[in-house]
Amino acid sequence: MAVREIAQIGDPVLREVCAPVEDPRAPEIAALVRDMTDTLAHFRASTGYGRGIAAPQVGVAKRVVVFRMPGEDAVAMINPAIVWRSEETFDVWDACFSYFTLFFVVNRCRRVKVRYRDVNGNEHIVDASDDLSELLQHEIEHLDGILAIDLVRDPRTFCSVKEYQRRHEGR
């Protein structure tokens, strides 16, 4: 298991626009995906939170995202791009490994379509809604140097993880 350190807010890598991956089948991309998957699993096991991670969060400015929805296998997306967004939006509580002590409300598109390649180079399009839609928007924004904290709806929604758990979790 190769768990990498997670870059924290203020680290310049989090603000970089990531470079495209030229060969999704390259051994260094397979190793990166394994490390990201291990790091995601470790964070989830130690905090109870976490469904996705972007390569800049482990210090690599490449267009790679790994996510794992509850009850499903991990999915690696190479060069993901949102190719369609619904007009319908919704407000959602957001948090991030790179500033985990903060929770806040952001507005997200209810549905998105994302084109990506898998680690074998095959192209896919996923039509994501609700939880998966907001997660993919969050992770793909990381690849463009955008943090969810930049998109907070109302600064009055900022709260600590403990306060979020006390007031909002499970609602």
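Note that the structure is a prediction, hence the values are computed from the model and not measured.

Caption draft 1: Fine view of the pattern of salt bridges. A complete count under the given rule lists 16 salt bridges for this structure. The partner of Glu-134 in a salt bridge is Arg-51, with the nearest N and O atoms 2.5 Å apart. With a gap of 83 residues between them, Glu-134 in helix H2 (residues 130–143) and Arg-51 in the loop between helix H1 (27–47) and strand S1 (52–54) connect regions that are remote in the sequence. Overlapping salt bridges bring together Glu-88, Arg-110 and Asp-130 as one network.

Caption draft 2: Geometry of the side chain of Asp-35. Mapped onto the secondary structure, Asp-35 falls in helix H1. Residue classification places Asp-35 among the buried positions, given a relative accessible area of 15%. Not counting residues up to four positions away in its chain, the partners in contact with Asp-35 are Ala-2 and Arg-4.

Caption draft 3: Representation of the pairing of strand S5 (residues 102–109) within the structure. Burial runs high along S5: six of the eight residues are buried. As defined by bridge partners, strand S4 (residues 89–94) adjoins S5 across six bridges and the pair is classed as antiparallel. Note that in S5 the partner of Phe-90 across the bridge is Arg-108. Alignment of S5 against strand S8 (residues 159–160), held across two bridges, turns out to be antiparallel. Residue Phe-103 lies in a different strand from S8, and its bridge partner there is Cys-159.

Caption draft 4: Structural context of the environment of His-42. Relative to the assigned elements, His-42 resides in helix H1. Look at His-42 and you get partly exposed, because its relative accessible area is 39%. Linking His-42 and Arg-4, residues 38 residues apart in sequence, is a C-alpha distance of 9.5 Å.

Caption draft 5: Geometry of the environment of Met-77. As for its position among the elements, Met-77 is in strand S3 (residues 75–85). For Met-77, a relative accessible area of 1% corresponds to the buried category. Placed 38 residues apart in sequence, Met-77 and Arg-115 show a C-alpha to C-alpha distance of 8.7 Å. Residue contacts for Met-77: discarding those within four places in its chain leaves Arg-63, Val-64, Val-65, Phe-67, Val-114, Tyr-116, Arg-117, Val-126 and Leu-136.

Caption draft 6: Quick look at the sheet that holds S5. As summarised here, the arrangement of the three strands in space is S4-S5-S8, forming an open sheet in which the pairing is antiparallel. Each edge of the sheet is formed by a strand with only one pairing partner; in this case those strands are S4 and S8. Each of S4 and S5 touches H2; the most contacted strand, S5, lies at about 105° to it.

Caption draft 7: Highlighting the packing of aromatic side chains. For the coordinates displayed, the defined rule picks out nine aromatic pairs. Arranged with centres 5.5 Å apart and planes meeting at 65°, the rings of Tyr-49 and Phe-103 form a pair that is edge-to-face. A residue pair is termed long-range when its members are at least 10 positions apart, and Tyr-49 in the loop between H1 and S1 and Phe-103 in strand S5 qualify at 54 residues. You'll find Tyr-49 and Phe-103 in the same group, each marked buried. Ring centres of Phe-103 and Tyr-164 lie 4.2 Å apart, and the angle between their planes is 15°; on these two criteria the pair is classed as stacked.

Caption draft 8: Representation of the sheet that holds S3 in the model. The antiparallel open sheet is built from five strands, whose spatial order is S1-S2-S3-S6-S7. Of all strands in the sheet, those bounded by a partner on one side alone are S1 and strand S7 (123–129). Within the sheet, the average angular offset between the axes of one strand and its neighbour, ignoring direction, is 40°. As paired strands, strand S2 (residues 64–67) and S3 are joined by four bridges and run antiparallel to one another. Residue pairing in the sheet places Val-64 in a bridge with Ile-78 of S3. H1 contacts S1, S2 and S3 of the sheet and is inclined by roughly 40° relative to S2. Helix-sheet contacts for H2 involve S1, S2, S3, strand S6 (111–117) and S7, and the interaxial angle to S7 is about 125°.

Calculation criteria
Residues numbered from 1 in each chain as written. Predicted model: local features only at pLDDT ≥ 70, side-chain atom pairs only at ≥ 80, totals over all residues. Heavy atoms only, no water. Salt bridge = Lys/Arg side-chain N within 4 Å of Asp/Glu carboxyl O. Helix = DSSP H or I, 4+ residues; strand = E, 2+ residues; numbered from the N terminus. Buried < 20%, exposed > 50% of the residue type's maximum accessible area, 1.4 Å probe, protein only. Contact = heavy atoms within 4.5 Å. Pairing = 2+ DSSP bridges. Axes fitted to C-alpha atoms, helices over the stretch in contact; angles between N-to-C directions. Phe/Tyr/Trp six-rings, centres within 6.5 Å; stacked < 30°, edge-to-face > 60°.

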